[in-house]
Amino acid sequence: MTIHGSYERHPDLGCEAIVFLDDETGACFQVQRDLVGGDSVARDGYSVSTGASAPIYNAVKQWRRVDDRFEFEMVPRAGRLFGGDVLSFEVAPVDTTLDELAVHLDRLLR
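Here we summarise the structure given alongside this text. In this text the structure is predicted, and so the values were computed from the model without any measurement.

1. Overview of unusual backbone geometry
Positive phi, close to 55°, is recorded for Asp-67, a residue that is not glycine. As for its position among the elements, Asp-67 is in the loop between strand 6 (60–66) and strand 7 (69–74). With a phi angle near 55°, Asp-95 is a residue other than glycine that sits in the positive phi range. Along the chain, the position of Asp-95 falls in the loop between strand 8 (86–93) and helix 2 (98–108).

2. Overview of the side chain of Ser-47
Its place among the elements puts Ser-47 in strand 4 (residues 46–49). Those residues in contact with Ser-47 that lie beyond four places of it in its chain are Gln-30, Val-31, Gln-32, Pro-55, Ile-56 and Tyr-57.

3. Concerning the sheet that holds strand 2 (residues 15–22)
Read across the open sheet, the eight strands follow the order 5-4-3-2-1-8-7-6; overall the sheet is mixed. Each edge of the open sheet is held by one strand with a lone partner, namely strand 5 (56–57) and strand 6. The pairing of strand 7 with strand 8 spans five bridges and is classified as antiparallel. From the neighbouring strand, Glu-73 faces strand 8, where its bridge partner is Val-86.

Definitions and limits used
The numbers attached to residues start from 1 for each chain and follow its sequence in the written order. With pLDDT at 70 or above as the cut-off, local features in this predicted model cover only qualifying residues; side-chain atom pairs require 80 or more to be listed or tallied, and sums for whole chains, interfaces and linings still use all residues. The basis for every side-chain value is the complete set of heavy atoms in the structure, and neither hydrogens nor water enter the calculation. Numbering goes from the N terminus for both helices and strands, where a helix is a DSSP run of H or I of at least four residues and a strand is a run of E of at least two. Any two residues having at least one pair of non-hydrogen atoms within 4.5 Å are treated as being in contact. By the convention used here, strands pair only if DSSP detects at least 2 bridges between them.

Structure (structure tokens):
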């Protein structure tokens, strides 16, 4: 199982996201934030989703990176969506580095 992590910026949609995608199952964990100054009305905070689910705002209690592993402690509502209060997985970056993904995550989760 490989979890691919990527940073995406979509000015046309008014958002940016970190997307973690399981290449075997197609499962997705996405952290998204509205871009400031776009045509859409920016919401306060970030959201997480499966890519197909409704977003859950401010759903990560805390996160950390240990080498190539990313771990997220989730609020109960998000934990139910993702099958547990803690998500933990090793990441293979796509078109970026793990350090860059971590910097983007810090910024998006503020």
